[in-house]
Structures are given as C-alpha cells and as structure tokens.
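Single-letter residue listing:
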Amino acid sequence: MALNSLSDKLVKQISEAAEIMRRGGIVAYPTDTVYGLGADAFNTDGVEKVYRIKQRPYTMPLPVLLADKAQAASLAASISGFAGCLMEKFWPGGLTLVLETDASLPACITGGGDKIAVRVPDHIVPVTLVRELGKPIVGTSANISSYPSVVTAEEVAQQLGNEVDIIIDAGRCPGGLESTVADVTGQSPIILRQGAIPEEEIMKTYREYINGAGESENSIR
C-alpha cells in the first residue's frame, strides 16, 4: 500500500491510534503478513496489556516493529555485518531479526532477557503508525496465543472483541503468513520460526556473506 493511497479515514484512524498508544492503549493494525496487536514498546502498561489480551506467557518476548533500519540501531547493542546484510536484502518485509539489546525497554517486552526481535514491515499503515507515535511499537500477531493468526479486521474483532481500543481496517493483509524469525546474535543464523521468508533464502544469504568480503567488515556501532 503506497503512502498516497492512505485515505483520509485511515490517516485519521492512525492519528487516533497513536494517541491511544501514548496513553497505554492497544491497537490492532494490518501488516504485510498478518494483523498485528500494538502498543508503545516503551510503555510498560501497554506492553503488559498485550500479554494479557493474547494470554501469552510473560517469559515469551514480544517482537517490535520499526519504521526504518535506522531505528534498529537505537534498540540494538550492536548490529553485525551479516545482520545489516539481511536488513538490506529483506527489509521492509517478512523477516524478524533477533538482536542483542541494551535499550531501556520494559523488561517484559524482552521476556527479561537481553535480546530484542525487530522488523520493518512492508506496509504503510504500521510504518506510518510508528512514525506518528515517534517510537517503535509491539508487533505481535493480533490473536490469542495458540489460536490462528488473523488477516482481516473482522477476524480480529471475532477473537479479541472489546479488548482492543481501536482496529485499523485497511482491508485484508496481503501476506497471510507470519514473518520468519531469525536469531543473528551468534556466529550463524538460527531460524526460530519458519514464515514468509524461506529459510533457504536466509542461509543462501549467509553463505554468500561468509564467502565474500562481508566477514571483514566492521559491525555497526
């Protein structure tokens, strides 16, 4: 969905949704994969509401959506050359990267650990929402844990009902498959969840990287 395709109604909904998140509220929104359940990633009350609504164990970290690659540097302790390569190739898109973090995020969003899962979606609604809020947002799927992911606003309402403060309806999500999750904090990538980006593509990129000049590049930060 291109920026100039945002209707006045959607622009208004996104502005309202950003204000709701500033107050610790919860928003459901479409992405390039499935509908997401969002809160200000730095608002502990909002993050905890997401866990409660999804009935998700607090030990399971929540992914975060960004507006662009630059925001990743503000959340990560460092970004390896290979992680940067994946960002260049697959962002915006259906790849979530797990990075080490030293950011002052609520402990509950990282499950109490030192890693953060981040993604730049290929959809104008969440990207505009992040920019409107001025902060990264929670990017978990808008469904109850163990229930099927949802791809329409109607399906969000069926599963979550009145638990969500606003549902941004921009039609059916084009992807329908959750993002692939890859941990890139070690020597080689570990696929934690199969999804929109095939594992073979990630491993092919890794082989190309280690066989090229990338290994000698300095890490970002």
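Residues numbered from 1 in each chain as written. Predicted model: local features only at pLDDT ≥ 70, side-chain atom pairs only at ≥ 80, totals over all residues. Heavy atoms only, no water.

(A) Here's a closer look at the overall build of the protein chain. Looking only at helices and strands, one finds seven helices and ten strands in the protein chain. Relative to the globule expectation of 17 Å for 221 residues, the C-alpha radius of gyration of the protein chain, 17 Å, shows essentially globular dimensions. Taking the principal axes of its C-alpha atoms as reference, the protein chain extends roughly 50 × 35 × 30 Å. The buried share among the 221 residues of the protein chain stands at 52%. Nonlocal contacts in the protein chain, meaning residues at least 24 apart in sequence, comprise 67% of its contacts between residues at least 6 apart. Total accessible area computed for the protein chain in this model is approximately 10100 Å², and 48% of it derives from carbon and sulfur atoms. Looking at the protein chain, you have 19 positive and 27 negative side-chain charges, and the mean spots of the two groups are 2 Å apart. (Helix = DSSP H or I, 4+ residues; strand = E, 2+ residues; numbered from the N terminus. Rg over C-alpha atoms; globule rule 2.2 N^0.38 Å. Buried < 20%, exposed > 50% of the residue type's maximum accessible area, 1.4 Å probe, protein only. Contact = heavy atoms within 4.5 Å. Areas by Shrake-Rupley, 256 points an atom, 1.4 Å probe, with all protein chains shown as cover. Lys, Arg positive; Asp, Glu negative; His and termini not counted. Charge placed at Lys NZ, Arg CZ, Asp CG, Glu CD.)

(B) Broad picture of the sheet that holds strand 7 (residues 140-141). With mixed pairing, the four strands of this open sheet are ordered in space as 7-2-1-8. Among the strands making up the open sheet, the edge pair consists of strand 7 and strand 8 (166-167). Bridge count between strand 2 (residues 36-38) and strand 7: two bridges; the pairing is antiparallel. Across the sheet, the residue bridging to G36 is S141, located in strand 7. (Pairing = 2+ DSSP bridges.)

(C) Broad picture of the nonpolar core. In this structure, W91, L95, L97, L99 and I109 are the most contacted members of the largest nonpolar core, which totals 50 residues. Elements with a minimum of two residues in this core: helix 2 (44-54), helix 3 (69-75), helix 4 (81-90), strand 4 (95-100), strand 5 (115-119), helix 6 (153-160) and helix 7 (199-211). The dominant element in this core, judged by the number of residues it contributes, is helix 4, at five residues. Excluding its chain neighbours within four sequence positions, the residues that come into contact with I109 are A41, V47, Y51, P61, L62, V64, I116 and V138. (Core = buried A, V, L, I, M, F, W, Y, C linked by side-chain atoms within 4.5 Å.)

(D) Inspection of the sheet that holds strand 5 at higher detail. Spatially, the six strands line up as an open sheet ordered 6-3-5-4-9-10, and their pairing is mixed. Of all the strands in the sheet, the pair left with one neighbour each is strand 6 (137-138) and strand 10 (190-193). For strand 4 and strand 5, the ladder comprises four bridges, and the chain directions are antiparallel. In the strand pairing of strand 5, L97 is matched with V118.

(E) Structural detail: the pairing of strand 4. In terms of burial, strand 4 is a largely internal element, five of the six residues being buried. Relative to strand 9 (residues 180-183), strand 4 is paired through four bridges, and the arrangement is parallel. Opposite L95, over in strand 9, you have T180 as the bridge partner.

(F) Molecular detail of unusual backbone geometry. Backbone torsion omega between W91 and P92 reads -5°, so that peptide bond is classified as cis. The backbone of Q55 sits at a positive phi, close to 60°, despite the residue not being glycine. Mapping Q55 onto the fold places it in the loop between helix 2 and strand 3 (64-65). Residue S146 is not a glycine yet carries a positive backbone phi of 80°. With respect to the secondary-structure elements, S146 resides in the loop between strand 7 and helix 6.

That is the geometry; function is a separate question.
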